[in-house]
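Below, each chain spelled out in residue letters.
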Amino acid sequence: MTASATQSQPVNMLTAIRQAIDEEMERNPEMVCIGEDIGLLGGAFGATEGLQDEYGSMRVLDAPISEAGIVGAAIGLAMRGRPVMVEMQFIDFISCGFDQIVNNAATMFYRTGGKVNLPMVIRGPSGGYGGGGPYHSQQNEAWFLHSPGLKVVCPSTPSDAYGLMKAAIRDPNPVIFYEVKELYRKREIEEIIPEGHTVPLGKASVRREGSDCTIITYGNPVYFCLEAAERLASENVQAEVIDLRSLLPLDEEAVIGSIKKTNRVLVVNEASRTCGFAGELIARVCETAFEHLDAPPMRVTREDTPVPWVKPLELSVLPTTDKIYDAALRLVRY
Amino acid sequence: MKTERSATASHAEKESGEPHQTRPRDLLQNADLLELLDQLYLARYFDVRLIKEKRRGRLRGTLYSSHNQEAILVGTLFGLRPDDWISPVHRDMPAFFLKDIRAGWDNPSRMGMSIGEVCAQVWGKATAPGRARDNWSHIGDSSKGIICSTSMLAGTIPVAAGIAYDFKLRNQDSVVLTYNGEGSTAQGVFHEAINFAAIHKLPVITIVENNQWAYGTPVELECPTKDVADRAKGYDIPGLIADGQDVLDVYDNTMWAVERARAGKGPSIIECKTFRAYGHGDHDDDRAAKYRPEDEVGEGRRRDPLAVFKQELVKRGVLSQDDASKYSPEFKNAAETTDEDFPARVVEYMKQGVEFAISSPLPDASEGTMWVFAEENR
Ligand SMILES: Cc1ncc(C[n+]2csc(CCOP(=O)(O)OP(=O)(O)O)c2C)c(N)n1
Ligand SMILES: [Mg+2]
């Protein structure tokens, strides 16, 4: 393993992720990493930097540009009991491996009557706000949340990314791991990661406590929600901000518990609106906590458009601090 | 039917520097040859019996008959080792029990499914390998080296490549055989998987059962090259052509590719030229009669693999003419055959499977929501 920096000085999210993969590769000699440009180059963003030197080109495999072939091969390796980390160069390209993920990997355990499980993680850089345009800005988790048999996570801090990565690699099921690329190198969120840190899948984190409304979010919008909450505080509105971290399994207890306290809920995510995760979450809240609501649940999501390229267009369709602030005010004043 | 080896097939000879002196078939004993014949009867009988059961309305799901394509299954599986893996698809139902059947038809520890398990699958019973969660050919068993395929054609080839990559990592000289129709070779993932396997010289052998039709589409509209095997040229791997009606030719080609793969020289494609006996599935028989010319069907079925092999055995003096005609399901449609057309051993074996299936329980409805996720720390 390369010298660990994570425990002595603050690290960014990318380093945390790289470190977690590195440690898991060392811990389990059966583990294999496969993806485009992950070996020689060390990954388009550097998430696997140095791993091929450490573990060899057989275990850190540069694959041809064949997302379906890569995921299929990972399924075969996982069937043989090996944990596999698959890198999608951008999570947008996961669509090219879609069949292998939703029809093959997701259903394997079910189809074999509980006999064949697949310990694999498919991870890749996701999300907008960076001018990536329609094919380098997606947050397409809804496709996979809608395919039973897959777990889906999306951390927003270096230590959560580190801890969830370790848990995801050790999980016996296929996990789709969204890494918000705008957070990869964000200075302000660098942090020291305690030794042996892991984060279980399915546990939310309360990022700010409050009593007037609950804002549920994950990924990059966590920071816009925290900013909005700051501004709301100056209006004497105390917003509770919950970072889900893991979408499936979902920490319903944390969500419902908070709503019982605040009686108002706003869901914020950067995926498009129709049939998105925000809608699902609100449906669940209505089913299980309707009597606790003092206002209709609201959501701030991306508009139902692709993510446009240039900044004014991009921000016009994505959630922003202003949009969240406005929605939260509407919610508490309802 | 064309039976000549393709340009890429002579690749085999070029590589070894000389034409094959001893063919794998030459090493087979008379007892092996008679076992091969019984396996052909068994594959045919299994199919015939299911066609009849289907017509009586006892079974759910679609039957994609392997009638007339048995030599491909028997010939490719006969020389495999117990530790090899396979991934059969819709037209390959007999492959599930033919795998490692040489270790003894009733041997409970052989590395293939029992006839009971396969019948339980067809009848949709809880004793089926996947507890009847998906139909017919979509079963697998990792403990026996059988990949559980999805419905998506060619979708299992990359999985086979992954398993082969695992063999490479372990320095294990096992191989994986994947089965596909010729139509399925038009899928993008076919290319992705074989490309990957060829780059890393993985022991994956793709058996292409070219029965000339993909549902209602003829091979010329699926593949631009003269032979499907020519697709191999793009990956610099051997593209062999076998006579799919001749179990020994299929066996020879398979063993050549298998030995090559075991030696670390990488994948091969083996195109087995054959012919589809009926419609695409049992739901398509009437329509197939309209889109497929009658004389083409007649011509295709003229070389019944059972007849071809028996003729060879008689020629070699392994089988007397009398014994050869003792059982004769060849050239007959399923409905025209009776149990008397098959050796008692075969009829008995199938009976055992069907009885097991019929007496097995259906899965309990409560299982419907089980096994979506594996528990932690499994
Ligand atoms: C990806 C995909 N597309 C379509 C189908 C529907 N389908 C099932 S079998 C078949 C024809 C297959 O032809 P071929 O590969 O030649 O195999 P054969 O049935 O002739 O053995 C089709 C189109 C499918 N199963 N998967
Ligand atoms: Mg075909």
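Going by the structure above, here's the rest.
Fair warning: this is a prediction, and the values are worked out from it, not measured in the lab.

The next thing to look at is the overall build of chain B. Scanning chain B from terminus to terminus reveals 13 helices and seven strands. Radius of gyration (C-alpha) of chain B: 20 Å, near the 21 Å computed for a compact globule of 378 residues. Seen through its C-alpha atoms, chain B measures out along the principal axes to roughly 60 × 55 × 45 Å. Relative to its 378 residues, chain B shows a buried fraction of 60%. Here the contacts in chain B between residues at least 6 apart in sequence split such that 73% fall between residues at least 24 apart. Put simply, chain B shows about 14,900 Å² of open surface, and 50% of that area lies on carbon and sulfur atoms. In chain B, 47 positive and 58 negative side-chain charges are present, and the distance between their average locations comes to 1 Å.

Four donors placed tetrahedrally about a metal ideally form angles of 109.5 degrees, and six donors placed octahedrally ideally form angles of 90 or 180 degrees. Residue and element names in this part refer to chain B. Around the magnesium ion (ligand 2), the protein supplies E182 (OE), E182 (OE), N211 (OD1) and W213 (O) as donor atoms, at distances of 2.1 to 2.6 Å. Relative to the metal, the six donor atoms surrounding the magnesium ion (ligand 2) lie at angles of 53 to 179°, and the coordination shape comes out irregular. Taken in chain order, the donor set of the magnesium ion (ligand 2) reads E-x28-N-x1-W. Residue E182 is located in the loop between β2 (176-181) and α7 (188-199), and its partner N211 is located in the loop between β3 (204-210) and β4 (213-214); the two are separated by 29 residues in the primary sequence.

Right, let's talk about a nonpolar patch on the surface for a bit. Where nonpolar side chains cluster on the molecular surface, the patch consists of W309, V310 and L313 of chain A and spans about 330 Å² of accessible area. Locating V310 of chain A in the fold gives a position in the loop between β12 (298-302) and α11 (311-317).

Another point: the packing of aromatic side chains. For any two aromatic rings, the description comes down to two numbers: the centre-to-centre distance and the angle of the planes. A complete count under the given rule lists 16 aromatic pairs over all chains for this structure. Each ring, one from Y41 of chain B and one from F342 of chain B, has its centre 6.4 Å from the other, and the planes form 80°; the classification is edge-to-face. Separated by 301 residues along the polypeptide, Y41 of chain B in helix α2 (residues 30-55) and F342 of chain B in the loop between α12 (321-326) and α13 (344-359) bring together distant segments of the chain. Judged by its relative accessible area of 3%, Y41 of chain B is buried. Three or more aromatic residues link up through ring pairs in this structure, and these residues are F45, F90, F93 and Y184 of chain A. In this structure, K151 of chain A packs its charged tip against the face of F373 of chain B, placed 5.7 Å from the ring centre. Here the basic side chain of R231 of chain A rests over the ring of Y325 of chain A, its NZ or CZ set 4.5 Å away from the ring centre.

Let us look at α13 of chain B. All names here are of chain B. With 16 residues, α13 should reach 22 Å at 1.5 Å per residue; the first-to-last C-alpha distance of 22 Å fits that figure. Taken together, the buried positions of α13 are occupied by V346, V347, Y349, M350, G353, V354 and A357. With its buried residues spanning 165° around the axis, α13 presents them on a single face. Across α13 from its buried face, at more than 90 degrees, point the exposed residues A344 and S359. Among the structural elements, α2 and α5 (115-122) are those in contact with the buried residues of α13.

Before going further, it helps to spend a moment on the nonpolar core. Of all hydrophobic cores here, the largest spans 130 residues; its most connected members are I21, I34, M120, L244 and L266 of chain A. Counting residues domain by domain, this core receives three or more from each of domain 1 (13-189) and domain 2 (205-332) of chain A. If we ignore the near neighbours within four places in the chain, the residues touching L244 of chain A are K203, A204, I216, T217, Y218, L250, V255, F277 and L281 of chain A. Listed in part, the 74 residues of the second largest apolar core include V74, V318, V347 and V354 of chain B.

Attention shifts here to the pairing of strand β6 (residues 239-243) of chain B. Side chains on a regular strand alternate between the two faces of the sheet. Residues and elements named next belong to chain B. Of all five residues in β6, five are buried, a share of seventy percent or more. Neither face of β6 is open: one carries G239, I241 and D243, the other L240 and A242, and all of them are buried. Across five bridges, the pairing between β6 and strand β7 (residues 268-273) is parallel. Within the sheet, the bridge partner assigned to A242 lies in β7 and is C272. Taken together, β6, helix α8 (residues 247-262) and β7 constitute a β-α-β crossover, and its handedness is right-handed.

Before going further, it helps to examine the packing of helix α9 (residues 252-262) of chain A against helix α10 (residues 277-289) of chain A. Residue and element names in this part refer to chain A. Taken N-terminus to C-terminus, the directions of α9 and α10 make an angle of 65°; their axes are 11 Å apart at the nearest point. Of the two possible hands of crossing, α9 and α10 adopt the one that is right-handed. Side by side, α9 and α10 meet where E252, V255, I256 and I259 of the first sit next to R284, V285, T288 and A289 of the second. Considered class by class, the residues forming the contact of α9 with α10 number five nonpolar, one polar and two charged.

Quick look at the sheet that holds β2 of chain B now. Residues and elements named next belong to chain B. With parallel pairing, five strands are arranged side by side in an open sheet as β1-β2-β3-β7-β6. Looking at which strands have only one partner, the edges of the open sheet turn out to be β1 (85-87) and β6. Strand after strand, the sheet turns through a mean of 20° between neighbouring axes, direction not considered. Relative to β3, β2 runs parallel, the two being bridged by six bridges. Residue pairing for β3: L177 is matched across the bridge by I205. Of the strands in this sheet, β2, β3, β6 and β7 are in contact with α8, which crosses β6 at around 155°.

Residue and element names in this part refer to chain B. Neighbouring ligand 1 are 15 residues; H90, R91, S151, S184 and W213 lie closest to it. Within the side chain of R91, an N or O atom sits 2.8 Å from an oxygen atom of ligand 1. Contact between ligand 1 and E182: an oxygen atom at 3.0 Å from a side-chain N or O atom of the residue. Protein burial of ligand 1: of its 580 Å² of free accessible surface, 73% is covered by the chains.

A few words now on the pairing of strand β1 (residues 32-35) of chain A. Residues and elements named next belong to chain A. Side-chain alternation along β1 places V32 and I34 on one buried face and C33 and G35 on a second face that is also buried. Looking at chain direction, β1 and strand β3 (residues 84-87) are connected through four bridges and run parallel. Across the sheet, the residue bridging to V32 is V84, located in β3. Relative to strand β2 (residues 60-62), β1 runs parallel, the two sharing three bridges. Of the residues in β2, the one forming a bridge with G35 is D62.

Our focus in this paragraph is the interface of chain A and chain B. Taken residue by residue, the interface counts 43 residues in chain A and 40 residues in chain B. A buried area of about 3,500 Å², summed over both sides, lies between chain A and chain B, and 60% of it is on carbon and sulfur atoms. Taken as a group, R80, Y110 and R111 of chain A account for 22% of the area that chain A buries against chain B, more than any other trio of residues on that side. Taken together, the connections running from chain A to chain B amount to three salt bridges. R170 of chain B is paired through a salt bridge with E30 of chain A; the nearest N and O atoms lie 3.1 Å apart. Taken together, the links from chain A to chain B amount to 16 residue pairs in polar contact (both at pLDDT 80 or more). Among the elements of the structure, β1, α2 (51-59), β2, α3 (67-79), α4 (98-105) and α5 (108-111) of chain A are those that each provide at least two residues to the side of chain A that touches chain B. A breakdown of the residues in the side of chain A that touches chain B according to their chemical character gives 18 nonpolar, 14 polar and eleven charged.

So, how was this worked out
- Per-chain numbering applies: the sequence of each chain, read as written, is numbered from 1 onward.
- Note on labels: chains are lettered from A, ligands numbered from 1, in written order.
- Local features in this predicted model are restricted to residues whose pLDDT is 70 or higher, and side-chain atom pairs enter the listing and the counts only when it is 80 or higher, whereas totals over whole chains, interfaces and linings include all residues.
- With hydrogens and water excluded, all non-hydrogen atoms of the structure serve as input to the side-chain values.
- Runs of H or I in DSSP of at least four residues are treated as helices and runs of E of at least two as strands, each being numbered from the N terminus.
- Radius of gyration: over C-alpha atoms. The globule rule applied is 2.2 Å multiplied by the number of residues raised to the 0.38 power.
- Classification of residues uses two cut-offs on accessible area relative to the type maximum, computed with a 1.4 Å probe and protein chains only: under 20% is buried, over 50% is exposed, and between them is partly exposed.
- Between two residues, a contact is recorded if the distance between any of their heavy atoms is within 4.5 Å.
- Per-residue and other accessible areas follow the Shrake-Rupley method at a 1.4 Å probe size, with only the shown protein chains counted as cover for residues.
- In this tally, Asp and Glu contribute negative charge and Lys and Arg positive charge; neither His nor the terminal groups of the chain are included.
- A charge is said to be at NZ when it belongs to Lys, at CZ for Arg, at CG for Asp and at CD for Glu.
- For Na, K and Ca the donor cutoff is 3.2 Å, while for all other metals N, O and S atoms must lie within 2.8 Å; water is not among the atoms, so some sites may look incomplete.
- For a four-donor site, all angles between 85 and 135 degrees give tetrahedral; for four or six donors, opposite pairs above 155 degrees with the remaining angles between 65 and 115 give square planar or octahedral; all remaining cases count as irregular.
- Exposure above 30% relative accessible area and the lack of any salt bridge qualify a residue for a patch; like charges then connect within 9 Å, and the nonpolar side chains Val, Leu, Ile, Met, Phe, Trp and Tyr within 5 Å.
- Basic side-chain nitrogens of Lys or Arg form a salt bridge, by our definition, when they fall within 4 Å of a carboxyl oxygen of Asp or Glu.
- For this analysis, a ring pair means two rings from Phe, Tyr or Trp (six-membered ring only for Trp) whose centres lie within 6.5 Å, classed as stacked if their planes differ by under 30 degrees, edge-to-face if by over 60, and tilted for the remaining angles.
- Charge-over-ring contacts are defined here by two conditions on Lys NZ or Arg CZ: a distance within 6 Å of the ring centre and an angle within 35 degrees of the ring normal.
- By this rule, a helix spans an expected 1.5 Å times one less than how many residues it contains.
- Note that the arc is computed from the directions linking the helix axis to the C-beta atoms.
- What makes a nonpolar core is a set of buried Ala, Val, Leu, Ile, Met, Phe, Trp, Tyr and Cys residues whose side-chain atoms join them at distances within 4.5 Å.
- Per the annotation, domain bounds derive from an automatic or database assignment of domains.
- In short, DSSP must find at least two bridges between two strands for them to pair.
- A crossover gets the label right-handed when its path from the first strand over the helix to the second runs clockwise, viewed with the strands pointing away from the viewer.
- The axes used here are C-alpha line fits, helices contributing only the stretch in contact, and every angle between their N-to-C directions lies in the interval 0 to 180 degrees.
- Here is the rule for handedness: rotate from the far helix to the near one, and if that takes an anticlockwise turn smaller than a right angle the crossing is left-handed, while a clockwise turn gives right-handed.
- The residue classification treats Ala, Val, Leu, Ile, Met, Phe, Trp, Tyr, Cys and Pro as nonpolar and Asp, Glu, Lys and Arg as charged. All others, Gly included, are polar.
- To be near a molecule or strand, a residue needs just one of its heavy atoms within 4 Å of it.
- Contacts described as polar in this section are N or O atom pairs within 3.5 Å, which, within protein, must combine one atom able to donate a hydrogen with one able to accept it, while residues neighboring in sequence count only if both atoms come from side chains.
- In this description, buried area is defined as the sum, over both parts, of the accessible area (probe of 1.4 Å) that is lost when the two are combined.

Read these as geometric descriptors, not functional statements.
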